[in-house]
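Each chain, letter by letter, is given below.
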Amino acid sequence: MSILVCGSLAFDTIMTFEGRFAEQILPSQLHILNVSFLVPGLRREYGGCAGNIAYGLRQLGSSAVPLAMVGNDAQDYLGRLQTLGVNTQFIGITAGNYTAQAMIMTDRDNNQITAFHPGAMSDAHTNAVPTDAGVKLAIISPDGRDAMLQHAQQLHTAGIPFVFDPGQGLPMFNGEELTSFIELASWVTVNDYEGEMLSDRTGLSFEDIAARVNGLIVTLGEQGCEVWEGGQKTLVPGVKAAEVLDPTGCGDAFRAALLHGLSQGWSLPRCAELGNKIGATKIASRGGQNYQFAA
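Residues numbered from 1 in each chain as written. Predicted model: local features only at pLDDT ≥ 70, side-chain atom pairs only at ≥ 80, totals over all residues. Heavy atoms only, no water.

Student: Quick question: what am I supposed to make of the pairing of strand β12 (residues 225-229) here?
Tutor: In regular strands, side chains alternate between the two faces of the sheet. Burial of β12 is extensive: four of the five residues sit out of reach of the surface. Relative to β12, strand β11 (residues 215-219) runs antiparallel, the two being bridged by four bridges. Each bridged residue has a counterpart across the sheet, and for leucine 216 the counterpart in β12 is tryptophan 228. Strand direction decides the pairing type here: β12 and strand β13 (residues 232-236), joined by five bridges, are antiparallel. From the neighbouring strand, valine 227 faces β13, where its bridge partner is threonine 234. (Buried < 20%, exposed > 50% of the residue type's maximum accessible area, 1.4 Å probe, protein only. Helix = DSSP H or I, 4+ residues; strand = E, 2+ residues; numbered from the N terminus. Pairing = 2+ DSSP bridges.)

Listed below in structure tokens is the structure:
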């Protein structure tokens, strides 16, 4: 089964701050914020939600067909994806832009501060959902605003079930738009913070959201996740990581497991169990696309 992954491809510059952000930021001085963090650790990784999810799908032996836009600096990234067995047919290239860039700083408690330059991702809406490529399942992950809106509608019109994963793109949309995404989607997945924001902006409780889709999954980090179906909540316990090195890409690894399981006809709790396992594997590896998972 071909799985379409709508979202960003990006280069991640990941920096490690050995202290705690909370110890450097004075709440009483936020109106004149001027802070500097010494980051001894720095590396550049392949990233972006679509890239990370595609990587996870290939780790699990599933197909991965990203729908994304990159700049003229992405030849190495495209070559890497092809080496992994990812279908790059529907990745567009814009000559006048850089590929999206994320600058991610992580403190000792795994809190993160991210600056993101969208670059070519801003043109992702010009790359339409392919309706003749044998796609049977898809995900809308963080991408350009117009792309997320248009791709969701295109998938729905084509009768292709999809997971709505707003992620860090959630603040771009108002309550009406988010409600529309929910109505078009077959499943919704968020982390606990995003879930509260989604509920607040739409005025819908988790029970209400779950009633409008086949299922709602709310991830809780090391505590596992909640699976909401048919008015019932199931807590799927977390999996202890062998080592906690880097949270970057953990959510994307979980989404890859969700898609893999759905493509196999699994129940949502079983999908979530695999998601928790692959998330625990990923967090023990630096970067979003360097872990090795044996299903």
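Student: Honestly, the packing of aromatic side chains in this entry has me stumped. Any pointers?
Tutor: The relative placement of two aromatic rings is captured by the distance of their centres and the angle of their planes. The full count for this structure, using the stated rule, is ten aromatic pairs. For the ring pair phenylalanine 164 and phenylalanine 181, a centre distance of 4.4 Å and an interplane angle of 10 degrees mean the geometry is stacked. Linking phenylalanine 164 in strand β9 (residues 162-164) with phenylalanine 181 in helix α5 (residues 175-184), this pair joins segments that are 17 residues apart in sequence. Between phenylalanine 173 and phenylalanine 181, the ring centres sit 5.0 Å apart and the planes meet at 80 degrees, which makes this aromatic pair edge-to-face. By the ring-pair criterion, three or more aromatic residues cluster together here, those being Phe11, Tyr46 and Tyr77. Sitting over the face of the ring of phenylalanine 11, arginine 44 holds its NZ or CZ atom 4.3 Å from the ring centroid. Here the guanidinium or amino end of arginine 270 rests over the ring plane of tryptophan 266, the centre of that ring lying 3.8 Å away. (Phe/Tyr/Trp six-rings, centres within 6.5 Å; stacked < 30°, edge-to-face > 60°. Lys NZ or Arg CZ within 6 Å of the ring centre and 35° of its normal.)

Student: I keep staring at the environment of serine 62 and nothing clicks. Help me out?
Tutor: Its place among the elements puts serine 62 in the loop between α2 (49-59) and β4 (65-70). Considering only alpha carbons, one finds serine 62 and glycine 85, 23 residues apart in sequence, at a separation of 9.9 Å. Those residues within four positions of serine 62 in sequence are excluded, and the remaining contacts are Ile3, Leu57, His260, Ser263 and Gln264. (Contact = heavy atoms within 4.5 Å.)

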